[in-house]
Amino acid sequence: MTNLDDLLRFALDAAREAGDLARRRRGEGVQIAATKSAAADIVTAADREVEALIRGRLAAERPGDGFFGEESGAEQGTTGITWVVDPIDGTVNYAYGIPEYAVSIAAVEGEPDPQHWQALVGVVYAPAMGELFHAVAGGGAWLDAGAGRVRLAVNDAPTEAGALVGTGFGYDPATHAGDLARLGRVMPLARDIRRIGSAALDLAGVAAGRLDGYFERGLNPWDHAAGALMVEEAGGVVGGLPGQRPSTALTIAAGPVLFARLEQAIDGR
Ligand code: IPD
Ligand code: CA
C-alpha cells in the first residue's frame, strides 16, 4: 500500500532543500548553462544542480521509484510511483531576479503520462516568497507561509467584472500567433490577464483563489503535475483539449463554472 504521508513528507523535505539551494545560488549570481528548444528557452547551472539534488535524495531514500524530470530525463521504477520534477519552474524569472519561481515535485501512480497517471501528492515551493503549497489526493490543498497553514479553495463565483485569468506563451516564436489568437478569444471573459511566468505558480494561484482561471498551450508534464492536483484538491477542474486531461496541446484550470466557459472560448466554436 502506498503511504501518502510518506510521499508527502519526502516531497516537502526535498522541495524545501531544493528551493533553498536555488535561492542561495540566485544570491551568488546566475549562470546560463545552455539554451534548449529555442533561444529564449534557457537552463541555468542551478536548474541542473537542483534537479540532481532531488534525484540524489530519491535514489538514496526511495530507490524503487521512477523519475521524470525536466533537466535529466526519465527513469522507470519498480514501485509504480514516479516523481515528476521541475527543479526551477519560471527559469526566466529566476534569471532576471523576479521572485516568482518555484520547485515543483509530484508523486504520480501508473503510467508516467499525464493522460493516464493518478497524481498522489504535489508540492510547489517558491523560496523567494517563502510560500510552500502542497496537495494530497483526497486530502485537500494547503499553503504554508508566514501566517501559518491555510486550506486553499478556488474562486468560482462569476462577477460582472469578469475573471482574472493567467496564461503563458511558448518559447518558440512560431507559436506566438496561435497563442495570441487564443488569448483574444478568452479576453471577453476576462477582467484582466496575468502572465506570471511559472505554470506551477499559475496553477497554485488558481488553487489559492489568486487567479480565477488559467490556460496555456505548450506545457510539459513537469510544469503541471503538482499544480493540477492542487487545483483539483481546492475544488477546481483541470483539463486539456475537450474531454481530455492536461497535455502539451492545452491546459485549462479554473472553478467549474469558469472552466466550462474557458473551454468553450478556447475551442472557438
Ligand atoms: C516555463 C514556465 C512558463 C511557461 C512555459 C514553461 P520553465 O517553465 O512555466 O510560465 O509559460 O511554458 O516552459 O522553462 O521556466 O521551467
Ligand atoms: Ca517548467
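Residues numbered from 1 in each chain as written. Chains lettered and ligands numbered in written order. Predicted model: local features only at pLDDT ≥ 70, side-chain atom pairs only at ≥ 80, totals over all residues. Heavy atoms only, no water.

Asks: Kindly report on the domain arrangement of the chain, identifying the contributing residues and their values.
Replies: Taken domain by domain, the chain comprises domain 1 (4-151) and domain 2 (163-266). Between domain 1 and domain 2, the contact holds 43 residues from the first and 26 residues from the second. The contact between domain 1 and domain 2 buries some 2500 Å² in all, and 64% of this surface belongs to carbon and sulfur atoms. Taken as a group, D89, Q115 and F133 account for 21% of the area that domain 1 buries against domain 2, more than any other trio of residues on that side. A salt bridge links R210 to E131; the shortest N-O distance between them is 2.7 Å. One can count 12 residue pairs in polar contact (both at pLDDT 80 or more) joining domain 1 with domain 2. Counting only elements with at least two residues in the side of domain 1 that touches domain 2, the list comes to β3 (66-69), β5 (81-89), α3 (91-96), β6 (102-109), β7 (118-126), β8 (131-136) and β9 (140-145). In terms of residue count, the dominant contributor to the side of domain 1 that touches domain 2 is β7 (7 residues). (Domains from an automatic or database assignment. Contact = heavy atoms within 4.5 Å. Buried area = accessible area lost by both parts, 1.4 Å probe. Salt bridge = Lys/Arg side-chain N within 4 Å of Asp/Glu carboxyl O. Polar contact = N/O pair within 3.5 Å; in protein donor to acceptor, adjacent residues only side chain to side chain. Helix = DSSP H or I, 4+ residues; strand = E, 2+ residues; numbered from the N terminus.)

Asks: Kindly report on the site of ligand 1, identifying the contributing residues and their values.
Replies: By nearness alone, 15 residues border ligand 1, and D89, G90, T91, Y171 and E216 come closest of all. Backbone polar atom of I88 to an oxygen atom of ligand 1: 3.4 Å apart, as the coordinates give it. At 2.8 Å from an oxygen atom of ligand 1 is found a main-chain nitrogen or oxygen belonging to A199. Burial of ligand 1 by the protein amounts to 96% of the accessible area it has alone, namely 380 Å². When its residues are assigned to classes, the shell around ligand 1 shows 5 nonpolar, 4 polar and 6 charged. No fewer than three residues from each of domain 1 (4-151) and domain 2 (163-266) sit in the shell around ligand 1. (Near = heavy atom within 4 Å. Areas by Shrake-Rupley, 256 points an atom, 1.4 Å probe, with all protein chains shown as cover. Nonpolar A, V, L, I, M, F, W, Y, C, P; charged D, E, K, R; others polar.)

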